[in-house]
Amino acid sequence: MLPLLLTGWIAGGALAAPAVRVASVEGANLQRPAWSPDGSKLSFEANFHEQKRIELWVGEPRPDAFQQITASSRATSSITDGFPTARGGLVAHELAWAPKGIDAYVFAASNDRFDYDLYISEGAKLASGPGADGGARWSPNGQYIAFTSARTGEGDLYLIDTKQIEKPPQRLTSLDDSSELYVDWSPDSANLVFVAHSNKGDNLWVLLGLPSTQPSRLTTWPGNQIRPTFSPVAQRIAFYANHDDPERFDLYVVEVGAAPRMLVRGVYPDAHGPSWTPDGKHIVYVSQDDQKFNPVRAVKVDDPARTATIDLGTVGNGDLSVVQRNGAIWAAVVASGRVDETRRDFKRLYVAELPALP
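A brief look at the structure comes next. Within any chain, residue numbers begin from 1 and follow the written order of that chain's sequence. Two thresholds apply to this predicted model, a pLDDT of at least 70 for residue-level local features and 80 or more for giving and counting side-chain atom pairs, whereas whole-chain, interface and lining totals are computed over all residues. Computation of side-chain values: all heavy atoms of the structure, hydrogens and water removed.

Numbering of helices and strands runs from the N terminus; a helix is a DSSP stretch of H or I covering at least four residues, while a strand is a stretch of E covering at least two. Of regular secondary structure, the protein chain possesses zero helices and 32 strands. As defined in this context, the radius of gyration uses C-alpha atoms, and a globule is described by 2.2 Å times the residue total to the power 0.38. The C-alpha radius of gyration of the protein chain comes to 20 Å, within 12% of the 21 Å expected for a compact globule of 358 residues. Overall, the C-alpha framework of the protein chain stretches about 60 × 45 × 40 Å when taken along its three principal axes. The charge count treats Lys and Arg as positive and Asp and Glu as negative. His and the chain ends do not count. In this description, the location of a charge corresponds to atom NZ of lysine, CZ of arginine, CG of aspartate or CD of glutamate. Counting 34 positive and 42 negative side-chain charges, the protein chain places the centres of these two groups 2 Å from one another.

In structure tokens, the structure reads:
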């Protein structure tokens, strides 16, 4: 069990939520924390930059409870019984959890061909094909897995039906001169949002009414519009964009058929995309503010003038993830350290129970 964390108001209008360090890996920067849907488990990546190696770890959100996941162990989930395994390579990353009720996850890992395949739950290969596969996302209803594949020469989106997992995946996109990335599901599992990446810039597209549909464009801006995430309770999409200033990413929200609205200027572009609170009312983010050591903040989506600083007691904050756990809202964040820690050479993983947001 995690120690009880005290929450409340502190001086200056910030909300106190003292964070506890739960993981560090010697010689590696931690990144991409991701809660399981029920908050019982947490995953993260350990990036060894000089060795060009990324490890994937999964466990309960407490110290000394994480285990490394590779693409070489036999799967334990019934969904993958009888599927082959592979020895794997130097990278295992991009874990995406299955929804509640399915004890599984999907991730990408390098293989012996210096390429990437998808794997489910500790090692079973999924929908193997030529070219790199990655960026998988499991639908909220558990039936589909969407992912990006270069098996046709460009990065296109594909769909796996988990009820017919032995069948080849269905190709969803074939846009000219672009790669389709950063896919995410709507809460009703009917729609997908993704980024079309090209040498002219990155913009958001949607697929409405899956599985048979044609993509339509959602943004038409110059620059980079990246890492969209659907609200967990509505057809709203949050994303990052730098079209106002190529040196700065801002936080936006958009609904299909409406113009995007800027919520926050100057944010850290989280690897998973914007983190919604479970009720869809707030987005928790890291402010791009070096003088204040990149503090964690929250913005009310319907009233972006209302923001709150969440003092985790950490500095150099980066990727984060938010979940409802045991009736409370919890955040996991990678940071260089706590304010009372002197060693700040690598990013470590911290968790905190968040106070009620205004």
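And the narrative resumes.
Now for the sheet that holds strand S8 (residues 92-97). For two strands to be treated as a pair, DSSP must find no fewer than two bridges joining them. Across the sheet, four strands lie side by side as S8-S9-S10-S11; this open sheet has antiparallel pairing. With partners counted over all chains shown, the strands left at the sheet margins are S8 and strand S11 (124-126), one partner each. Averaged over all pairs of adjacent strands, the angle between strand axes in this sheet comes to 35 degrees, irrespective of strand direction. The sheet contact formed by strand S10 (residues 116-120) and S11 spans three bridges and is antiparallel. In the sheet register, Tyr119 faces S11, and the bridge partner there is Lys125. Geometry is summarised by axes, namely lines fitted to C-alpha atoms with helices restricted to the contacting stretch, and by angles between N-to-C directions that run from 0 to 180 degrees.

Before going further, it helps to spend a moment on the sheet that holds strand S14 (residues 156-161). Reading across the sheet, the four strands line up as S12-S13-S14-S15 and stay open at both edges, with antiparallel pairing between neighbours. Lying at the two open borders of the sheet, with one neighbouring strand each, are strand S12 (133-138) and strand S15 (170-171).

Right, let's talk about the environment of Val333 for a bit. Relative to the elements of secondary structure, Val333 occurs in strand S30 (residues 328-335). Measuring from C-alpha to C-alpha, the distance between Val333 and Pro33 comes to 6.8 Å, with 300 residues separating the pair along the chain. Discounting residues that sit within four places of it in the chain, Val333 has contacts with Leu312, Asn317, Gly318, Asp319, Leu320, Arg348, Leu349 and Tyr350. We call two residues contacting when some pair of their heavy atoms lies within 4.5 Å.

Once that is clear, we can look at the side chain of Ser43. In this structure, Ser43 sits in strand S5 (residues 42-48). Among residues more than four places away in sequence, those in contact with Ser43 are Arg32, Pro33, Ala34, Trp57, Val58, Leu95 and Trp97.

Another aspect to go through is the pairing of strand S7 (residues 66-69). As defined by bridge partners, strand S6 (residues 53-59) adjoins S7 across four bridges and the pair is classed as antiparallel. The residue bridging Trp57 from the neighbouring strand is Gln68, located in S7.

Checked against the element boundaries, Gln143 lands in the loop between S12 and strand S13 (144-149). Here a polar contact is recorded for every N or O atom pair within 3.5 Å, except that within protein the pair must consist of a potential hydrogen donor and a potential acceptor, and residues adjacent in sequence are included only if both atoms are side-chain atoms. Engagement of the side chain of Gln143 in a polar contact is seen with the side chain of Tyr144, the distance being 3.3 Å. Once you skip the residues sitting within four places of it in the chain, Gln143 turns out to touch Ile160, Asp161, Thr162 and Lys163.

Here we take up the pattern of salt bridges. Side chains that differ in charge, positive against negative, can pair when their charged atoms come close. We count a salt bridge whenever a side-chain nitrogen from Lys or Arg sits within 4 Å of a carboxyl oxygen from Asp or Glu. Under the counting rule described, the total for this entry stands at 14 salt bridges. Salt-bridge contacts for Arg248 lead to Asp250; the nearest nitrogen and oxygen are separated by 2.7 Å. Among the charged side chains, a network of salt bridges with common partners joins Glu26, Arg343, Asp345 and Arg348.

A separate point is unusual backbone geometry. A positive phi angle is found at Phe293, which is not glycine, with a value near 60 degrees. Looking at the element boundaries, Phe293 is found in the loop between strand S25 (282-286) and strand S26 (296-300). Each residue is assigned to one of three classes by its accessible area relative to the maximum for its type, calculated with a 1.4 Å probe on protein chains only: buried under 20%, partly exposed between the two thresholds, exposed over 50%. The class for Phe293 is partly exposed, based on a relative accessible area of 47%. Phi at Asn294 takes a positive value of approximately 55 degrees, unusual for a residue other than glycine.

One face of the sheet, then the other: side chains in a regular strand alternate in exactly this way. Note: strand S2 (residues 15-16) against strand S27 (residues 303-311), two bridges, orientation parallel. If you follow Leu15 over to S27, its bridge partner there is Ile310. In this structure, S26 lies alongside S27, joined through five bridges in antiparallel fashion. Each bridged residue has a counterpart across the sheet, and for Val299 the counterpart in S27 is Thr307.

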